[in-house]
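# Architecture and fold: a report
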Amino acid sequence: MSTYIIINIPDGYQSMTIDKSLESIADNAAIVVNGFMCGSPVRTSFTFNNGVNDVPALYSTFSIVTRDDL
């Protein structure tokens, strides 16, 4: 977690943040890169519509951090 978050939340400049596991983000990035390099489709866990297309997505685990969590 960023040092700014640890300072900004208790000081009242920020009420909350979302903390994502760097390992989870790196794992998803490796899955996507491996799929592109091998020329195979990437299996995704979700799709969302951006108003034009259904976009495939991989989600990382996250937690919401508030003043009570620090």
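Notes on the structure follow. (Residues numbered from 1 in each chain as written. Predicted model: local features only at pLDDT ≥ 70, side-chain atom pairs only at ≥ 80, totals over all residues. Heavy atoms only, no water.)

## A closer look at the overall build of the chain
Scanning the chain from terminus to terminus reveals 2 helices and 4 strands. The linear arrangement of helices and strands in the chain, starting from the amino end, is α-β-α-β-β-β. Across its three principal directions, the C-alpha atoms of the chain cover 50 × 30 × 15 Å. Residue pairs at least 24 apart in sequence account for 58% of intrachain contacts in the chain once pairs closer than 6 positions are excluded. (Helix = DSSP H or I, 4+ residues; strand = E, 2+ residues; numbered from the N terminus. Contact = heavy atoms within 4.5 Å.)

## Considering the pairing of strand 2 (residues 46-49)
One ladder, built from 4 bridges, connects strand 2 with strand 3 (residues 54-57); its direction is antiparallel. Residue Asn49 lies in a different strand from strand 3, and its bridge partner there is Asp54. Between strand 2 and strand 3, which pair antiparallel in sequence order, lie 4 residues; one of them, Gly51, sits at a positive phi of approximately 95°. (Pairing = 2+ DSSP bridges.)

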